[in-house]
Amino acid sequence: MMSTRPSLGFAGIGLMGLPMCRRLLAAGYPLTVWNRNPAKCAPLVEAGARQVATPAELCEQADVVMLCLADTAVVREVVFGPAGVAEGAKPGQLLVDFSSLEPTATREMAAELAATTGMAWLDSPVSGGVVGAEAGSLAIMVGGDAADLDRVRPVLLELGQRVTHMGGVGAGQVTKACNQMIVACNALVIAEVVALAEQAGVDASLIAEALAGGFADSKPLQILAPQMAESRFEPVKWHVRTLLKDLDTAVKFSRETGSATPISGLAAQLMRLHGAQGFLQKDPATLVQMYRAPDSAD
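Just so it is clear, the model here is predicted, and its values are computed rather than measured. (Residues numbered from 1 in each chain as written. Predicted model: local features only at pLDDT ≥ 70, side-chain atom pairs only at ≥ 80, totals over all residues. Heavy atoms only, no water.)

### Some details on the overall build of the protein
Applied cut-off: Where helices and strands are cited, they refer to DSSP runs of H or I of at least four residues and of E of at least two residues respectively, numbered from the N terminus. C-alpha atoms define the radius of gyration, and 2.2 Å times the number of residues to the power 0.38 defines the globule rule. A simple rule labels every residue: compare its accessible area, found with a 1.4 Å probe on the protein chains alone, to the largest value its type can have, and call it buried under 20%, exposed over 50%, or partly exposed in between.
Of regular secondary structure, the protein possesses 12 helices and 9 strands. Computed over C-alpha atoms, the radius of gyration of the protein comes to 20 Å, within 12% of the 19 Å expected from 2.2 N^0.38 for 298 residues, which places it in the range of a compact globule. Seen through its C-alpha atoms, the protein measures out along the principal axes to roughly 65 × 45 × 35 Å. The buried share among the 298 residues of the protein stands at 49%.

Take a look at the structure:
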């Protein structure tokens, strides 16, 4: 079906989608883009992308249609809603979903798309944030048919340093849920650590440096601890609402599978509490504000 350099469609030009598309254009892939807010496509059109008015139109010239959208409901609307991907999909085309979704819903949508259009589905959520998207160093965890992954692996390697086939459709989303459980719980503990150090009179800005290379070290520690210590909450690189959504997904899926996730359940409630204080659209570095005394909060 596909030539050596497949034509690509991309829906969702947001914090992650924009740098991912820039990399695909720089690598020489023919790219067609769509976004609910059309103005966000402007930098990509200037760089050589073609813009269309509906998700269905992405399928007209694309061998592969990629999604990077907010949540399960948005993906369902973009794929199966009016003028959605399903209306333009053809057998042999491939949908690659970089969004972080509910695994069960992913399996249901993939089955429906294949049955009604013949279009195959790879759930390919990513980890690494905006920095990883810009650098092409994302970790990409993929669920779906191995042969379908082989077709697009060169494309994915323009975006990520590592592409891992985790199993059938939905397995990528399960892996991403596991990733987010670790990241979110880590972020909450780092917030506790920074606040404790501050209240004990220790220079919290040295925590990340002091623990670097030790057993407690992690990328979240190196990124979040300095931001928290300095109350550096701008620019927003990712969102509290994203971590909350992913924790909720993990806890819901754990119930469906009969698996216990008590720490992640508590993390979801703490994240929800923080979000309810007006922080849903803020950077997770703001989690430290939950633990600071009111007179020390910015």
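The rest of the description comes next.
### Details of the environment of Asp-148
Counted only if it meets this: Contacts are residue-level and defined by heavy atoms, with any inter-residue pair within 4.5 Å sufficient.
You can see Asp-148 is positioned in helix H7 (residues 146–159). For Asp-148, a relative accessible area of 13% gives the class buried. As a C-alpha pair, Asp-148 and Ala-120 span 28 residues in sequence and 7.8 Å in three-dimensional space. If sequence neighbours within four positions are ignored, Asp-148 has contacts with Leu-94, Ala-120 and Leu-122.

### Some points on the pairing of strand E5 (residues 94–97)
Quick reminder of the rule: The pairing criterion is simple: DSSP has to find at least two bridges between the two strands. The handedness rule is simple: strands pointing away from the viewer, and a clockwise path from the first strand over the helix to the second, make the crossover right-handed.
The two faces of E5 match: Leu-94 and Val-96 on one face and Leu-95 and Asp-97 on the other face are all buried. Strand direction decides the pairing type here: strand E4 (residues 64–67) and E5, joined by 4 bridges, are parallel. When the sheet's bridge partners are listed, Met-66 is paired in E5 with Val-96. Note that E5 and strand E6 (residues 120–123) share 4 bridges and pair parallel. Residue pairing across strands places Leu-94 opposite Ala-120, the latter belonging to E6. Between the parallel pair E5 and E6, the chain is carried across by helix H5 (residues 103–117), and the sense of this crossover is right-handed.

### As for helix H1 (residues 17–26)
Of all 10 residues in H1, 7 are buried, a share of seventy percent or more. When H1 is considered as a whole, its buried residues turn out to be Gly-17, Leu-18, Pro-19, Met-20, Cys-21, Leu-24 and Leu-25. Note on H1: the residue one or two positions beyond its end, Gly-28, has a positive phi of about 95 degrees.

### Some thoughts on the packing of H5 against helix H11 (residues 240–257)
Filter applied, for reference: In this analysis an axis means a line fitted to C-alpha atoms, helices contributing only their contacting stretch, and an angle means the value between N-to-C directions, from 0 to 180 degrees. Orientation is classified from the angle alone, with under 35 degrees giving roughly parallel, over 145 giving roughly antiparallel, 65 to 115 giving roughly perpendicular, and any other angle giving oblique.
Between H5 and H11, the shortest axis-to-axis distance is 9 Å and the interhelical angle comes to 80 degrees. Put simply, H5 runs roughly perpendicular to H11. In this structure, H5 uses Pro-103, Thr-104 and Arg-107 to contact H11, whose residues at the interface are Thr-249, Phe-253 and Glu-256.

### Overview of the nonpolar core
Convention followed: Think of a nonpolar core as a cluster: buried Ala, Val, Leu, Ile, Met, Phe, Trp, Tyr and Cys residues, connected wherever their side-chain atoms sit within 4.5 Å.
Judged by nonpolar contacts, the single largest core of 34 residues is most densely connected at Phe-10, Met-20, Val-33, Met-66, Val-96, Phe-98 and Leu-156. Taken together, the elements giving at least two residues each to this core come down to strand E1 (8–11), H1, strand E2 (31–34), E4, E5, helix H6 (129–135), strand E8 (138–143) and H7. With residues up to four places along the chain from it excluded, the contact list for Met-20 reads Phe-10, Cys-68, Phe-98, Ala-133, Leu-138 and Leu-159. Counting residues in each nonpolar core, the second largest holds 28 residues, with Ile-190, Val-194, Ala-225 and Met-271 among its members.

### With respect to the side chain of Gln-180
What counts, and what does not: Within 3.5 Å is the distance limit for a polar contact, defined as a pair of N or O atoms, with the added protein rule that one can donate a hydrogen and the other accept it, and that residues adjacent in sequence qualify only through two side-chain atoms.
Following the sequence through the fold, Gln-180 ends up in helix H8 (residues 171–199). Among the residues examined, Gln-180 registers a relative accessible area of 8% and is labelled buried. Among the polar contacts made by the side chain of Gln-180, one reaches the side chain of Asp-246 at a distance of 2.8 Å. Among all residues touching Gln-180, those that are not within four sequence positions of it are Leu-243, Asp-246 and Leu-247.

### What to know about the environment of Val-169
Inspection of the secondary structure puts Val-169 in the loop between strand E9 (160–167) and H8. Spatially, the C-alpha atom of Val-169 lies 7.3 Å from that of Trp-121, the residues being 48 residues apart in sequence.

### Here we look at the UniProt feature "domain: 6-phosphogluconate dehydrogenase NADP-binding" (unreviewed entry) in the protein
Operational definition: UniProt positions are given in the numbering used here, feature names are shortened, and annotations may be inferred rather than shown by experiment.
Under the local residue numbering, the UniProt record ascribes the feature "domain: 6-phosphogluconate dehydrogenase NADP-binding" (unreviewed entry) to residues 8–167. Helix and strand shares over residues 8–167 are 40% and 24% respectively, and the end C-alpha atoms of the span are 24 Å apart.

### Observations concerning helix H3 (residues 72–80)
Here is the rule: Directions are taken from the helix axis to each C-beta atom, and the arc is the one they span.
Turning to H3, its buried residues number three or more, namely Thr-72, Val-75, Val-78 and Val-79. When H3 is viewed along its axis, its buried side chains cluster within an angular range of 130 degrees and face the same direction.

### Thoughts on the UniProt feature "domain: 3-hydroxyisobutyrate dehydrogenase-like NAD-binding" (unreviewed entry) in the protein
Per the UniProt record, "domain: 3-hydroxyisobutyrate dehydrogenase-like NAD-binding" (unreviewed entry) is annotated on residues 170–291. Counted over residues 170–291, helix gives 66% and strand 0%. Its end C-alpha atoms are 36 Å apart.

### Some words on the packing of aromatic side chains
Let me state the cut-off plainly: The aromatic pairing rule takes the rings of Phe, Tyr and Trp, using the six-membered ring of Trp, and pairs them if the centres are within 6.5 Å, calling planes under 30 degrees apart stacked, those over 60 edge-to-face and the rest tilted. We count a charge as sitting over a ring when the NZ of a lysine or the CZ of an arginine lies within 6 Å of the ring centre and within 35 degrees of the ring normal.
All chains considered together, the criterion is met by 1 aromatic pair. Seen from their ring centres, Phe-10 and Phe-98 are 6.2 Å apart, and the 25 degrees between their planes marks the pair as stacked. Residue Phe-10 is located in strand E1, and its partner Phe-98 is located in the loop between E5 and H5; the two are separated by 88 residues in the primary sequence. Exposure class is identical for Phe-10 and Phe-98. Each is buried. Directly above the ring of Tyr-29 sits Arg-5, whose terminal nitrogen or CZ lies 4.7 Å from the centroid.

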